[in-house]
Amino acid sequence: MVRRVRLLGAVLVAGLAAAGCAIPTQSRPSTIAPSHVPFNLLGPQSPTTSTTQPPLASLVPVKIFLLGANQQIEGVQRLIPSPAPLSSVIKSLVVGPTNSEAVAGITTAIPSSVQVLSVITVGTTVTVNFNSAFAEITGAATEIAVSQVVSTVAAQNGIGTGVIFEIAGVRTSVPVASGAEVLGPVNVLQFVTVPTTATTATPAAP
């Protein structure tokens, strides 16, 4: 069944954009279909294939948000070298799912061509600057990609953190769960879908 991707309120609490170009989006809310450092050793000796990994003690567990097999945003763990700055966490998000996660049906709305140019935190506002590839995300995938970023930031800095999106240094508007397109800052609570109360018709008396 086609369902709008949403973040459950309990998960959010527990687990936890001025004029400019705009990311293409739809004019109204829509459902989301369940579709979708190299180096060389120079010298007289033959190069080896060994690499130096940071010791486990220097790695910090962080949470990033991908699109689960159930078509809902879900948190997965990553290990980031200490002190795990927010820029490194978001760059880890952009890398996407691991091979084992992909086999399990976990995907991402952020294409591999997207790059994080800068991440600046001022108080409770985080400005994330992406390259132009982020603006090429279209349709329902745009909202998913935005929610992935906002949720990842919230997991690190708190659910009250607002996120401003920039494309190559230009502030851009982004879609939220209501279908509106806003310049931000946007926070994770704007991606919570509040269920409506169904009205049950009362049968007429015989």
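No experiment lies behind these values; they were computed from the predicted model shown.

Q: Would you take a moment to explain the sheet that holds strand β3 (residues 116-122) for this structure?
A: Strands in a sheet are paired, the pairing made by backbone hydrogen bonds, and the direction either parallel or antiparallel. Taken together, four strands build an open sheet; the order of strands is β3-β4-β5-β6 and the sheet is mixed. The strands lining the two open edges of the sheet, one partner per strand, are β3 and β6 (170-172). With strand direction ignored, the average angle separating the axes of adjacent strands in the sheet is 30 degrees. Strand contacts of helix α2 (residues 86-95): β3 and β4 (125-130), with the helix running at about 140 degrees to β3, the strand carrying the most contacts. The strands touched by helix α4 (residues 140-157) are β3, β4 and β5 (162-167); relative to β5, the strand with the most contacts, the crossing angle is about 135 degrees.

Q: Looking at this structure, how should I read the pattern of salt bridges?
A: Side-chain pairs of opposite charge can arise whenever the charged atoms involved come near each other. For the structure on display, the rule yields one salt bridge. Note that R78 is salt-bridged to E101, the shortest N-O span being 2.7 Å. You can see R78 sitting in strand β2 (residues 73-81) and its partner E101 sitting in helix α3 (residues 99-103), a full 23 residues away along the chain. Given the relative accessible area of 12%, E101 is considered buried.

Q: Just to check I follow, could you spell out the nonpolar core for this structure?
A: General note: in soluble globular proteins, nonpolar side chains tend to be found buried as a group. Residues F130, F134, V149, V150 and F165 are the most contacted members of the largest nonpolar core, which totals 42 residues. Here this core gets nine residues from one element, more than from any other, and that element is α4. Every residue in contact with V150, bar those within four places of it in the chain, is listed here: V163, F165, V186, N187, V188 and F191.

Q: Mind showing me how you'd approach the packing of aromatic side chains here?
A: The description of an aromatic ring pair rests on the distance of the ring centres and on the angle between the ring planes. Applying the stated criterion across every chain, the model contains three aromatic pairs. Ring geometry for F130 and F134: centres 4.4 Å apart, planes at 10 degrees, overall stacked. What links up through ring pairs into an aromatic cluster is the set F130, F134 and F165.

Q: Help me out: how do you make sense of the side chain of T152 in this one?
A: Structurally, the position occupied by T152 is in helix α4. A relative accessible area of 0% means that T152 is categorised as buried. When neighbours within four sequence positions are excluded, T152 is seen to be in contact with K63, I64, F65, V89 and L93.

Q: Can you walk me through the confidence of the model for the protein in this structure?
A: Interpretation of this model should avoid reading the predicted coordinates in detail wherever pLDDT is low. When pLDDT is averaged along the protein, the result is 77, and 66% of the positions lie at 70 or above. Helix α1 (residues 9-14) is the least confidently modelled element of the protein, averaging 42 in pLDDT, while β4 averages 98, the highest of any element. This stretch, residues 17-49, has a pLDDT under 50; its non-local contacts, to residues over four places away or in other chains, come to 71 contacts.

Q: Please clarify how α4 should be interpreted in this entry.
A: Every α-helix carries 3.6 residues per turn, so stepping three or four residues along brings you back to the same face. Taking 1.5 Å per residue, 18 residues should reach 26 Å; α4 reaches 26 Å between its end C-alpha atoms and fits that length. Counting buried positions along α4 yields 15 of 18 residues, so the element is predominantly enclosed. Among the residues trailing α4, G158 stands out with phi positive, at a value near 110 degrees.

What counts and how
- Residues numbered from 1 in each chain as written.
- Predicted model: local features only at pLDDT ≥ 70, side-chain atom pairs only at ≥ 80, totals over all residues.
- Heavy atoms only, no water.
- Pairing = 2+ DSSP bridges.
- Helix = DSSP H or I, 4+ residues; strand = E, 2+ residues; numbered from the N terminus.
- Axes fitted to C-alpha atoms, helices over the stretch in contact; angles between N-to-C directions.
- Contact = heavy atoms within 4.5 Å.
- Salt bridge = Lys/Arg side-chain N within 4 Å of Asp/Glu carboxyl O.
- Buried < 20%, exposed > 50% of the residue type's maximum accessible area, 1.4 Å probe, protein only.
- Core = buried A, V, L, I, M, F, W, Y, C linked by side-chain atoms within 4.5 Å.
- Phe/Tyr/Trp six-rings, centres within 6.5 Å; stacked < 30°, edge-to-face > 60°.
- pLDDT = per-residue confidence, 0-100.
- Expected span 1.5 Å × (residues − 1).

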